[in-house]
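Coordinate analysis (summary)
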Amino acid sequence: MPLALLALAVGAFGIGTTEFVMMGLLPDVATDLHVSIPTAGHLVSAYALGVVIGAPLLAALTARMSRRTVLIGLMALFVAGNALSAFAPGYDSLLAARFLSGLPHGAFFGVGAVVATNMVAPERKARSVSLMFLGLTVANIAGVPVATLMGQHLGWRATFLGVSTIGIAAIVALALLIPHDHTQAPSAGLRREMTALRSLPVWLALGTTVAGFGALFSAYSYITPMLTDAAGYAETSVTLLLALFGVGATIGNLLGGRLADHSLRGTLFGGLLSLAVVLALFPLLMSTQWSAALAVALLGAAAFVTGSPLQLMVMEKASAAPSLASSANQAAFNLANAGGAWIGGVALAAGFGVTSPAPAGAMLAVLGLGVAAVAYAVDRRRTVPAAARERVVASHVPQRSSSPSGV
């Protein structure tokens, strides 16, 4: 695998850290800025909104620019957003800075996935995407816990300065390691990219992302009360247990990339089915501490097995607009974050119990399987007539005689 994938992984590590670290810093930020914790929670929503808006918008606006330049520019915007977060004088300015920090997130992963797949042989495309995503999953193992501890001991502003430093390191790595054959602008323009997104298979792939990862966030958004109230863990143990989620996600991500290069559809169906089973068993697994720890790791593995296949599928279905479609998939991922958390909250509010968000997530995973099955049926319906037309055309092509006389 090209060393340039390391540069993409470093950028993904920084992005993953700043996305998830705010959850652990909410009490400190709320106290320092004199707001309630629910009000401080809007800082998480502001980042997600930035991702949803920025992913397709920045990918579309930079469609004719060098992908290498785009990646460096996006990471520079990321550094600026986190630096402004560190020096924000009040809540409103921090809210704006978090929105700014989220803008480059989706476009970076979208354009980065295109660059990653262009640097490897066709049979290694999914693995190349999974190696870029490796930075995101490792962020949950090391980046988020370390950044949270930094914020708790040095102040939450120090955390965002540290993340800005990671962004600067990513800029240097991108400038040094991304091959110069990615310095020229791709041939597809904005109009062609927008037209390619009208395809039904693209929207079905995006719908699978929303349902599949909505299943994850339905449970993961409420994993702390499950671990403390159902499994009986102390709150001080939750950070270590969430690192187990990162370990599982890393394993699932690498496994999904390798399997998807052999069978893209098979890996996707298998991952969604595994996710549905794990979430359905969550209430049982949360009954003891050892099985709860296992459940957290299995949740990360089952969910992230589908990450690379979904990213690659969206890119393949919009081959004329890979950057825009790939970025739109990241927007879909964040819609899944918000939607899944809402559905899990509805289950809790209805009084079904502290573990009820998990079975609700299992139903979303089944929905994702259904959308993926419809997408498969649509592909089959389009492929079979095309193959039939080719056979008809071939049957009407005059055959040349091998005889010199033409007889």
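Below or above, wherever it landed, is the structure these notes cover. (Residues numbered from 1 in each chain as written. Predicted model: local features only at pLDDT ≥ 70, side-chain atom pairs only at ≥ 80, totals over all residues. Heavy atoms only, no water.)

1. Notes on the overall build of the protein chain
- Counting its secondary structure elements, the protein chain contains 16 helices and 0 strands.
- The buried share of the protein chain, taken over its 407 residues, is 54%.
- Total accessible area on the protein chain stands at roughly 17300 Å², and carbon and sulfur atoms take up 69% of it. (Helix = DSSP H or I, 4+ residues; strand = E, 2+ residues; numbered from the N terminus. Buried < 20%, exposed > 50% of the residue type's maximum accessible area, 1.4 Å probe, protein only. Areas by Shrake-Rupley, 256 points an atom, 1.4 Å probe, with all protein chains shown as cover.)

2. Here's the deal with the packing of helix α5 (residues 91–118) against helix α14 (residues 307–317)
- It is at 11 Å that the axes of α5 and α14 come closest, and there the two elements cross at 80°. It follows from the interaxial angle that α5 and α14 lie roughly perpendicular. Along the contact surface, α5 presents Phe 109, Gly 110, Ala 113, Val 114 and Thr 117, while α14 presents Gln 311, Leu 312 and Met 315.
- A per-class count over the contact of α5 with α14 returns 5 nonpolar, 3 polar and no charged. (Axes fitted to C-alpha atoms, helices over the stretch in contact; angles between N-to-C directions. Parallel < 35°, antiparallel > 145°, perpendicular 65-115°, else oblique. Contact = heavy atoms within 4.5 Å. Nonpolar A, V, L, I, M, F, W, Y, C, P; charged D, E, K, R; others polar.)

3. Things to note about the packing of aromatic side chains
- For the structure on display, the rule yields 9 aromatic pairs.
- On the numbers, 6.2 Å between centres and 85° between planes, the contact of Phe 108 with Phe 109 is edge-to-face. For the pair Phe 108 and Phe 109, a shared accessibility class is recorded, and that class is buried.
- Look at Phe 213 and Phe 304: their rings are 5.8 Å apart centre to centre, the planes differ by 75°, and that puts the pair in the edge-to-face class. Pair noted here: Phe 213 is in helix α9 (residues 200–220) and Phe 304 is in helix α13 (residues 289–304), with a separation of 91 residues, a long-range link.
- A relative accessible area of 4% means that Phe 213 is categorised as buried.
- On the accessibility criterion, Phe 304 (10% relative accessible area) is buried.
- Cluster of aromatic residues (ring-pair linked, three or more members): Phe 213, Phe 217, Tyr 220, Phe 245, Phe 304 and Phe 333. (Phe/Tyr/Trp six-rings, centres within 6.5 Å; stacked < 30°, edge-to-face > 60°.)

4. A look at helix α3 (residues 42–61)
- Helix length check: α3, at 20 residues, gives a terminal C-alpha distance of 28 Å against a target of 28 Å (1.5 Å per residue), a fit within 8%.
- Of all the bends in α3, the greatest reaches close to 35° and is centred on Gly 54; the proline Pro 56 follows between one and four positions later.
- Taken together, the buried positions of α3 are Leu 43, Ala 46, Tyr 47, Ala 48, Gly 50, Val 51, Gly 54, Ala 55, Leu 58, Ala 59 and Ala 60. (Expected span 1.5 Å × (residues − 1). Bend = angle between axes of the 7 residues up to and from the residue.)

5. Topic: the environment of Gly 207
- Residue position: Gly 207 is located in helix α9.
- Distance from Gly 207 to Leu 367, taken between C-alpha atoms, is 9.6 Å for residues 160 residues apart in sequence.

6. Side note on a nonpolar patch on the surface
- Among the surface-exposed residues, Leu 49, Ile 53, Leu 57 and Leu 61 lie close enough to one another that they form a single nonpolar patch of about 380 Å² accessible area.
- Locating Leu 49 in the fold gives a position in helix α3. (Patch = residues over 30% accessible without salt bridge, like charges linked within 9 Å, V, L, I, M, F, W, Y side chains within 5 Å. Salt bridge = Lys/Arg side-chain N within 4 Å of Asp/Glu carboxyl O.)

7. So, helix α1 (residues 4–33)
- For α1, with 30 residues, the first-to-last C-alpha span of 40 Å sits near the 44 Å given by 1.5 Å per residue.
- At Leu 25, α1 shows its maximal bend, which comes to roughly 65°, and the proline Pro 27 appears one to four places after that position.
- Extensive coverage of α1 is indicated by the burial of 21 of its 30 residues.
- Looking one or two places after α1, you find His 34, whose phi comes out positive at around 60°.

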